[in-house]
Structure formats: C-alpha cells, structure tokens
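# A structural walkthrough
Next come the chains, spelled out residue by residue.
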Amino acid sequence: MWSVKESERGSGVVAGQEDCIMARPRAASSWPRVLHPSYYLRRPRRLLVLVVFFVGTTFLLWDRHNLIQNHELEELAKYLKGEGKTFQLDGEDESSSKTAQQGKSEQEGVEKEIEDPITEYRRSQVKAAMQHAWSSYEKYAWGFDELQPQSRRGVNHFGGLGATIIDSLDTLYIMGLQTEFNKARDWVAENLHFNKNYDASVFETTIRVLGGLLSAYDLTAEKMFLTKAKEIADRLLPAWDTRTGIPYTTINLDSGRAHNPGWTGGSSVLADLGTEQVEFIGLSQRTGDPKYKQKVENVIKQLRKIFPKDGLLPIYISADNGQPTTGKITFGAMGDSFYEYLLKVWIQGNKTEVVKHYREMWEQSMEGIMGLVSKSTPSGYTFLAERSGSTLYNKMDELACFAPGMLALGTEGAPPEKAEKYLTLAKELTRTCYNFYMSTPTKLAGENYQFYDGQDMQVGTPWNILRPETVESLMYVWRKTGDSKYRDWGWDIFQAFEKQSRTPTGYVGLRNVRTGEKDDMMQSFFVAETLKYFYLLYSPSSVIPLDKWVFNTEAHPLRIIPRVDEPISLEDTPEGKDSSMQIKSGSTQYLRQRRINPGGR
C-alpha cells in the first residue's frame, strides 16, 4: 500500500511539473513576440531596423514641427515688418534683427518695445478682435446699448444709454484706436442724456456708465466726461435714501423713485450695495464734493456693524434694518464684487491710514474664504464652494474666477506668510478656471460647475456669454508671477472665442458650450473687460501699471489718488469735523497734475 501511494505521489509530482513546463510557452504566447526585448536581442538585424525606423520617424516629426514653427515665425515677421519692426529668425545675421524703426507704440505709456514677437503678435490679434467687434457695433447698432450680431440690429437693455460706447471708451484709447475713440467721445458729448423714464440697475449703471466716464476722464483729462459722470451720479443718489443708507438696487432715472425687485424678497443685493464705492469715492476726489463718498462709505459702516468673524456676508441685506435676510454665502453671483471692492478702495486711496479698515475687512474675509476652499477628485482642482448656513455646496460660478486675480493683487501689503498663502491659492484657482474652459468640447467655459466625487468638474448651467473673469485673473497672476504659462493659457481661451464666438458681424455667446449652439448677443462687457484684459495680458506691465491705476469691476481703470488729511474711513467722524475741504484740496492738486500730464499714463 505504501509503495502504491508513493508511486501515485511521485507520478503526481511529475505530472504537475509537466503541466508547469507546458504552461510557460502558453503564457508567453499571450503577448506578440515582437513586443519582448528578448526577441530583438536574439535578432540584432531586426533590432537595427527598428532603431533606424524610430530615429527616422522622430526626425520627420521634428522636421515638420520646425516647418510649422518657421511658418508661424515668418507670419510674425511679416506682421512686424508692417509695423516697422523686425526680429531675428534662426540663422539670420544678427545685424538684420535690429529694429527698422524705433517710433512710438500704439498707445502712450508703453515705455519699451515688447521683445517677444509672439506676445506682440498675440496682442495685435486681440486688437484686431476689438476692431472687428467695434466696427460691427458701429455698422449695425450705433447708439444702442448692445449689438445682436446675428440679427444685425441694436437692442437697449440699459435704457438706451449707449452702454457699448461708454464701455468701449477706455479700451479704444488704451489700444490706440484714436479714430474710433474720437467718434465715441463725440457721441457721448452730443447724444448721452439721462432724463429717461427707465428703471435702471444702480449697480450696472454705476460700474458701466459712471465708471466708464470717470476712466475716460482720467485717461484724457477732458472735462466733458467728468461733467457727464456727475450728472448720472446725481440721478442715482436717491437710491441711498433709505432708513439705513443701504441703497435700493433699482431707480427710475427720470423720477428718482427707487425700490428693490420682488425676486430678492425686497432685499438689497450684497454685490450691488458693496460695489459702488470705487466710483463714487473717485467722483468725490475729482469734483471735491464729499456727498458721493459719504453715501457709499456709510454703507460699509453699516456692514461693519454686522460683519461676522469670518468676514463672509450673505448675499441679501435688508435696506430697512441692515440685517441679512438669507444664509447664502458665495464668491459667485450676487456676492463676488463686494469682496473685490474692499481691497480696491484700499488701493484706490493709495493704502494710506485713512483706508486701513477696508484692508482689515478684506483680510478678515480672506480668512473666511479658506473655509470655502475644496478639492475635486481625482485631479485635485481647487474650487470655492458655496455655503448656506453651515452646509457647503460643491458648486462654483465662472463669475468667482475673479478671485484668483483679487488674491494676487492682495499679496501687496500682506505679511510674507499671508502673501504666500494668497498667491498659492490664486495659482490653484487659476488652474481650475482655465480648465473650466479646456474641459468642454468648445473650449469655452459654462456659467457654473458642479463638483462630484471622482468626477472632477461637470458643467452646470451650459451657456457662455463672453465673460471676462478668468482672463482678468490670468492678467493679474501673470503680472504678479511673470510666468508665461498664464499668457499661453489666455491664448488658448482667446483662440476658442475666435473659433466659437466670432461671426462676420461681431461676437456672440454660446447657448450651450457642449454643442456650440450660438446666441445672439454681444455683451458690452466683452469690449469693456474681456478684450481689454486679453490686451493687457499681452502688453508690458507699464501699460496701466497697477501701482498707479485701479480697475473697477467693469475693468475701467481709475487713477490712484492718495487719501490723506481726512478722517479715517468707516470710523465715526468727530462732531463738527468736516472733511470737504480736505477733499477739495486733494482734488485741486490732482487736477493740477492732470494739466501737467494729460496723457494719464
């Protein structure tokens, strides 16, 4: 019995070995032989053929790349030659690369030529886009608020105030389009009137019309613009005549009757009531009349009374009692520019002691923003969640893509640790906002995005209406870091606008960024903001330098005027103390400087 079992055990071992021996070739044959390195080691001639094949293919691809690149450079050379400049192609004699003509750049204030021909070429293409947008508006919608390119007609969404003309003034001037600017200026002088029976948005009229007129005045020193700015501001002022001084959101320009719309539940909107300070303070500085500044600074005084520890306010505030009427907090729609203006009023006043409380409130809000920062999976995109009560919602508006630029701007004046934290978050959010664009089939961003576990970002509301916020942040972050990738990212987005939104009669948005279906509207902020920020992204930092200018939320640059010799803002003024003389004194000095240097840049 034992011998039989031994025999069976022995034969079983042998059989198992045979199975293993037979299994190896079958396992090897499951892959093509030509993919195994050992196949070529045993066949050196075939290895040599393979090496020659790969080297030849690589050479052909690289040669094609060089041909394409050289073609692009030749196109750039043609462009620069037309501008009276040259640049050196690979292999050219160094002497041939010298500038054929020094001359001035298109706009005043460019202190040196752009050395990178690719950047200058991109800037020229943005300028060409502005010329196309403007000429289309001129042809089909002159004097109307906005152009409907596909219908080839104008529409009035802002009471017939010529929103596109006013929004374009500074863009045309900065780009050196003097003929176009002169025509726009003449229209403002001869045709812009405000006695209209129209219920205007106080916010939109302030940032577009008042901001655009003040910017044109600062750039040109033409008094007409300041006179018009004062006229529209005076028609808006009754909106602040409430129990708390917190303004209503809507006012009839003819009757002065102000109210809040029903869709807000009768409340005022945070991003409205907190986004008029730059313009009205600027108007007081330029006219010497303190009433404009007093109205808007009283609003921030009221908000300081309810300012929470984390510096994040809900989007609806009662104009009757100054209390929040909702728990929703967001850096997107209806919340966004309140936080932007806390920082920009501080910058506008040249960061003096007078405006220190604005900076303090902004830094408090930036501590609060850290509680909204979230990460997607699996790619780790950083985004700003929304909050209602204590609940976070993984949703971010494209509108919130202003935040990276704001954070980059806010690094100035921050302690080193905070500055590093702000800039790191700015870079991370910029990457996310760029991918809002690159993640869709059209390479244009949707209006907002949802973030789901394991799925990164998903388009929520699918339209794109030519918004500027991501381009704005690319400009700020590029100026702060000097990293050329932000210019490259901007070029990707600009090319997508050219491909998807350009039509023979202007630029349109998309109803759906997944399908590319077009709408029929060229928003005025496309020429005021989007194209201006693209242009500045490809311009030297000496064009509208950030230590001399501050942009309002519609991208209208206002000159920084130091606030000194006046009571500290947002503190109760000592009884009997009147700051009007100090304002007038500062304004007189400012106007004297403007007469000396009317170019403004």
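On a predicted model such as this, the values are computed, not experimentally measured, just so you know.

## Overview of the overall build of the protein
- A count of helices and strands for the protein gives 19 helices and 21 strands.
- Looking at the protein as a whole, 54% of its 601 residues are labelled buried.
- Put simply, 68% of the contacts in the protein that link residues at least 6 apart link residues at least 24 apart.

## Notes on the pairing of strand 14 (residues 448–452)
- Strand direction decides the pairing type here: strand 13 (residues 395–397) and strand 14, joined by 3 bridges, are antiparallel. Directly across from Met-396, in strand 14, lies its bridge partner Tyr-449.
- Across 4 bridges, strand 14 lies against strand 15 (residues 456–459) in antiparallel orientation. Each residue of the ladder has a partner; that of Tyr-452, found in strand 15, is Asp-456.

## Overview of the packing of helix 14 (residues 403–410) against helix 15 (residues 416–438)
- The geometry of helix 14 relative to helix 15 is characterised by a closest axis approach of 8 Å and an angle of 160 degrees between their N-to-C directions. Judged by the inter-axis angle, helix 14 sits roughly antiparallel to helix 15. Seen from above, helix 14 lies across helix 15 with left-handed handedness. Together, Pro-404, Leu-407, Ala-408 and Gly-410 of helix 14 and Tyr-422, Leu-423, Leu-425, Ala-426, Leu-429 and Thr-430 of helix 15 make up the contact between the two elements.
- Along the lines of polarity and charge, the residues of the contact of helix 14 with helix 15 split into 8 nonpolar, 2 polar and no charged.

## Let's talk about the packing of aromatic side chains
- Under the definition given, this model contains 23 aromatic pairs.
- Each ring, one from Tyr-173 and one from Phe-181, has its centre 5.3 Å from the other, and the planes form 65 degrees; the classification is edge-to-face.
- You can call Tyr-173 buried: its relative accessible area is 11%.
- Seen from their ring centres, Phe-494 and Phe-534 are 5.3 Å apart, and the 75 degrees between their planes marks the pair as edge-to-face. Here Phe-494, found in helix 17 (residues 485–500), pairs with Phe-534, found in helix 18 (residues 524–537); they are 40 residues apart in sequence, far enough to count as distant.

## Comments concerning the pattern of salt bridges
- Throughout the structure, instances matching the rule amount to 32 salt bridges.
- Here Glu-517 makes a salt bridge to Arg-511, at a shortest N to O gap of 3.9 Å.

## A few points about the packing of helix 15 against helix 16 (residues 469–481)
- With their axes 10 Å apart at the nearest point, helix 15 and helix 16 run at an angle of 140 degrees to one another. By the angle between their directions, the pair helix 15 and helix 16 is classed as oblique. Crossing handedness for the pair helix 15 and helix 16: left-handed. Across the interface between the two elements, Leu-423, Ala-426, Lys-427, Thr-430, Cys-433, Tyr-434 and Tyr-437 of helix 15 pack against Thr-470, Leu-474, Val-477, Lys-480 and Thr-481 of helix 16.
- Taken together, the residues that form the contact of helix 15 with helix 16 break down as 7 nonpolar, 3 polar and 2 charged.

Definitions and cut-offs
- Residues numbered from 1 in each chain as written.
- Predicted model: local features only at pLDDT ≥ 70, side-chain atom pairs only at ≥ 80, totals over all residues.
- Heavy atoms only, no water.
- Helix = DSSP H or I, 4+ residues; strand = E, 2+ residues; numbered from the N terminus.
- Buried < 20%, exposed > 50% of the residue type's maximum accessible area, 1.4 Å probe, protein only.
- Contact = heavy atoms within 4.5 Å.
- Pairing = 2+ DSSP bridges.
- Axes fitted to C-alpha atoms, helices over the stretch in contact; angles between N-to-C directions.
- Parallel < 35°, antiparallel > 145°, perpendicular 65-115°, else oblique.
- Left-handed = near helix turned anticlockwise from the far one by under 90°.
- Nonpolar A, V, L, I, M, F, W, Y, C, P; charged D, E, K, R; others polar.
- Phe/Tyr/Trp six-rings, centres within 6.5 Å; stacked < 30°, edge-to-face > 60°.
- Salt bridge = Lys/Arg side-chain N within 4 Å of Asp/Glu carboxyl O.

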